[in-house]
Amino acid sequence: MTTDFQERARRLRNAVEPIAAGVYFAPEAHQAYAALGFGGSPTAQDGVARPDLNAYFASRGACLGQVPGEVVAAAFGCFNPKVLVPAVAAGWPITSREKILTAREQAATAMLTRVLGEQPDGLDRVTALLRRAADAAPWAGRPIYSGLCSLGFPDHPMGALWRAADLVREHRGDSHVISWAVGGADPVEILLLTEQWWGQPARSYTPSRGWAAADMDAGVDRLTTRGLMTGDEQLTEAGRAFREEIEVRTDELERPLLDALDDDLDELLDHLDAWSEAIIAAGSYPKRVAGIYNVGGGPHFGSGLTIDTAAELYEDKN
C-alpha cells in the first residue's frame, strides 16, 4: 500500500532509530547520569534497561538550553506536562546543561564503539551521508533538531555518527508533532491511535508518556465520538486511515532529506540496517520497540483527513 517514496522514508526512519536512540537504553548512559547524581535505571524490560525519567528529560531536552519544563513539554509533544515539567525542574538542580550534554555524548560514543568497534567499515561515508541529509533539512518548526544543530559535531568519529543520526531522527520527530497537531489530534489521542496502528494492544504504550487512566478514558471517548475507535477500544477503518495520514504527512515533510540522499540512500541503509540490528542484539535498544517501527502502511494515503473529518471522508471514498 505504501508508495516507493514512503517506503524509503520509513526505512530511513527505522534504520536511524537504534543508532540515535540507543543512548536512552545504553548502560554507559545510565552510569554517566547516576554519576552526576540522578537515580539509577529502573528494572530492565526484555533485558534492556530503561532510563531514569529525570535524566531522560534533562539529557534529551538540554539541546534546547537549560530551559524550564514547559519548553521541553512543548518540544517533545506527546508527554504529559504534569509529569514532564516537575521532572525537568528536579533535574536542573542536580546538574548543568553542559555536564549532562557531555555525559550524553560520551555515553553514546562509548555504546556505539562497544557494539560496532572503533572503526566500522564505512563509518566516514555513512556519517557524511547522514550529514548531507541533515544539512538539507528545514529548520522552521523543528525545535529539537535546531537545538541539536546548535551543538555542532563531536570530534570523535563515532560521536559524529551519533550526532548526525540524532539530527535525522529528531527532525522526523519534530515533523511528526507538526503533522498530528495540524491534523487536530492531541497527545493522548495520537498515542492511543498509534499503539494500535503499530499492532500493539490498546493502552499499552500511552502510559509510558505519563498519561493516567482518566486521561486515556477521556481520549477514548473523544475518538469514539468521532468514529475513529469502537466502543470496545479498537481502531475503526477511519481511525486507521487518519493515523496513516499522519505518517504520510510526516514522510512528506522529510522529503528534502530523502531528495538530498537520492541514489545514495540504498548504500546508507545497507550500513545502518546492519548496525541497528547489532545495537538491538547487544541490548542497547529494545527489540520489541524496534519491531513496531513498521514500514507497512494503512488503507488510505494523502487524503487530507483530519481528526474531525476522517470518518466522513473515509466513508465517502469507500
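The preceding data block contains the structure.
1. Some details on the overall build of the protein chain
At step 1: When its secondary structure is counted, the protein chain shows 16 helices and 0 strands.
At step 2: Against the globule reference of 20 Å for 318 residues, the protein chain gives a C-alpha radius of gyration of 19 Å, in line with a compact fold.
At step 3: Over its C-alpha atoms, taken along the principal directions, the protein chain stretches across nearly 55 × 45 × 35 Å.
At step 4: The buried share among the 318 residues of the protein chain stands at 54%.
At step 5: Carbon and sulfur atoms make up 53% of the accessible area of the protein chain, which totals about 12,700 Å².

2. Concerning the nonpolar core
At step 1: Of all hydrophobic cores here, the largest spans 96 residues; its most connected members are Leu12, Phe76, Leu130, Phe242, Leu268 and Leu272.
At step 2: If one sorts the elements of this core by residue count, helix H9 (residues 157-182) sits on top with 9 residues.
At step 3: With residues near it in sequence (within four places) discarded, leucine 12 still touches Val168, Leu258, Leu261, Leu265, Leu268, Leu269 and Leu272.

3. Some words on the side chain of serine 59
At step 1: Among the structural elements, serine 59 can be located in helix H3 (residues 53-61).
At step 2: Here the side chain of serine 59 touches alanine 55 through a polar contact of 2.8 Å, landing on its backbone oxygen.
At step 3: A polar side-chain atom of serine 59 sits 3.2 Å from the main-chain carbonyl oxygen of tyrosine 56.
At step 4: Look past the residues within four positions of serine 59 in its chain and what remains in contact with it is Tyr33, Ile100, Leu101 and Arg104.

4. A closer look at helix H11 (residues 213-225)
At step 1: If you check H11, its first and last C-alpha atoms are 18 Å apart, about what 13 residues at 1.5 Å a residue would give, namely 18 Å.
At step 2: When we look at burial in H11, the residues that qualify are Met216, Gly219, Val220 and Leu223. Viewed along the axis of H11, the buried residues span an arc of 100 degrees, placing them on a single side of the element. Of the exposed residues in H11, the ones pointing more than 90 degrees away from its buried face are Ala214 and Thr225.
At step 3: On its buried face, H11 is in contact with helix H10 (187-197).
At step 4: Positive backbone phi, at 85 degrees, marks glycine 227, one or two positions downstream of H11.

5. Some thoughts on the packing of H3 against helix H6 (residues 97-116)
At step 1: Viewed as axis vectors pointing N to C, H3 and H6 meet at an angle of 95 degrees, and their least axial separation amounts to 9 Å. Judged by the inter-axis angle, H3 sits roughly perpendicular to H6. On H6, the residues that touch Ala55, Ala58, Ser59 and Arg60 of H3 are Ile100, Leu101 and Arg104.
At step 2: Across the contact of H3 with H6, the residue classes tally to 4 nonpolar, 1 polar and 2 charged.

6. Details of the packing of aromatic side chains
At step 1: This structure, assessed with the given rule, holds 10 aromatic pairs.
At step 2: An angle of 65 degrees between the planes, with centres 5.1 Å apart, marks the rings of tyrosine 24 and tyrosine 56 as edge-to-face. Placement of the pair is tyrosine 24 in the loop between helix H1 (4-21) and helix H2 (27-36) and tyrosine 56 in helix H3, with a sequence separation of 32 residues. Taken individually, tyrosine 24 and tyrosine 56 each receive the classification buried, so the pair is uniform in this respect.
At step 3: Ring geometry for tryptophan 139 and tyrosine 145: centres 6.0 Å apart, planes at 85 degrees, overall edge-to-face.
At step 4: Exposure remark for tryptophan 139: the relative accessible area of 51% places this residue in the exposed category.
At step 5: Three or more aromatic residues joined by ring pairs form one cluster here, namely Tyr24, Tyr56, Phe57, Phe76 and Phe79.
At step 6: For the cation-ring pair, arginine 131 lies above phenylalanine 153, with the distance from its terminal atom to the ring centre recorded as 3.6 Å.
At step 7: Of note, arginine 255 hangs over the ring of phenylalanine 5, and the distance from its end group to the ring centre comes to 3.8 Å.

7. Here's the deal with the packing of H1 against helix H14 (residues 265-281)
At step 1: Viewed as axis vectors pointing N to C, H1 and H14 meet at an angle of 40 degrees, and their least axial separation amounts to 8 Å. Classified by the interaxial angle, the pair formed by H1 and H14 is oblique. For the pair H1 and H14, the sense of crossing is left-handed. In this structure, H1 contributes Arg8, Arg11, Leu12, Asn14, Ala15, Val16, Pro18 and Ile19 to the contact, and H14 contributes Leu265, Asp266, Leu268, Leu269, Leu272, Asp273, Trp275, Ser276, Ile279 and Ile280.
At step 2: Its residues assigned to classes, the contact of H1 with H14 shows 12 nonpolar, 2 polar and 4 charged.

8. Digging into the environment of cysteine 78
At step 1: Turning to its location among the elements, cysteine 78 is positioned in the loop between helix H4 (69-76) and helix H5 (81-91).
At step 2: With relative accessibility at 16%, the residue cysteine 78 sits in the buried group.
At step 3: As a C-alpha pair, cysteine 78 and threonine 206 span 128 residues in sequence and 9.0 Å in three-dimensional space.
At step 4: Excluding residues that lie within four positions of it along the chain, cysteine 78 makes contacts with Trp180, Pro187, Leu191, Arg209 and Trp211.

The rules behind each value
- Along each chain, numbering runs from 1 in the same order as the chain's sequence is written.
- Since the coordinates come from a predicted model, pLDDT governs what is reported: local features require at least 70, and pairs of side-chain atoms require 80 or more to be given and counted, while whole-chain, interface and lining totals use all residues.
- Processing note: side-chain calculations cover all non-hydrogen atoms of the structure and skip hydrogens and water entirely.
- Only DSSP runs of H or I reaching four residues or more are called helices, and only runs of E reaching two or more are called strands; each is numbered from the N terminus.
- C-alpha atoms define the radius of gyration, and 2.2 Å times the number of residues to the power 0.38 defines the globule rule.
- With a 1.4 Å probe rolled over the protein chains alone, any residue whose accessible area is under 20% of its type maximum counts as buried; one over 50% counts as exposed, and the rest are partly exposed.
- What sets the accessible areas is the Shrake-Rupley method with a 1.4 Å probe; for residues, cover comes only from the shown protein chains.
- Among the buried residues, those of types Ala, Val, Leu, Ile, Met, Phe, Trp, Tyr and Cys that are joined through side-chain atoms within 4.5 Å form a nonpolar core.
- It only takes one pair of heavy atoms within 4.5 Å for two residues to be counted as in contact.
- Polar contacts, as used here, are pairs of N or O atoms within 3.5 Å; protein pairs need one atom able to donate a hydrogen and one able to accept it. Residues neighboring in sequence count only if both atoms are side-chain atoms.
- The span you would expect from a helix comes to 1.5 Å times its residue count less one.
- Taken from the helix axis, the directions to the C-beta atoms give the arc we talk about.
- Interaxial angle, 0 to 180 degrees, is taken between N-to-C directions of lines fitted to C-alpha atoms, where a helix line uses only the stretch in contact.
- Angles are sorted into four bins: roughly parallel if under 35 degrees, roughly antiparallel if over 145, roughly perpendicular if 65 to 115, and oblique for all others.
- Under this grouping Gly is polar, as are all residues other than the nonpolar Ala, Val, Leu, Ile, Met, Phe, Trp, Tyr, Cys and Pro and the charged Asp, Glu, Lys and Arg.
- Think of it this way: a Phe, Tyr or Trp ring, Trp meaning its six-membered ring, pairs with another when their centres are within 6.5 Å, and the plane angle makes it stacked under 30 degrees, edge-to-face over 60, tilted otherwise.
- Ring-over charges, as used throughout, are those where CZ of Arg or NZ of Lys falls within 6 Å of the ring centre and within 35 degrees of the ring normal.
- By convention, the crossing between two helices is left-handed when the near helix turns anticlockwise from the far helix through less than a right angle, and right-handed when the turn is clockwise.

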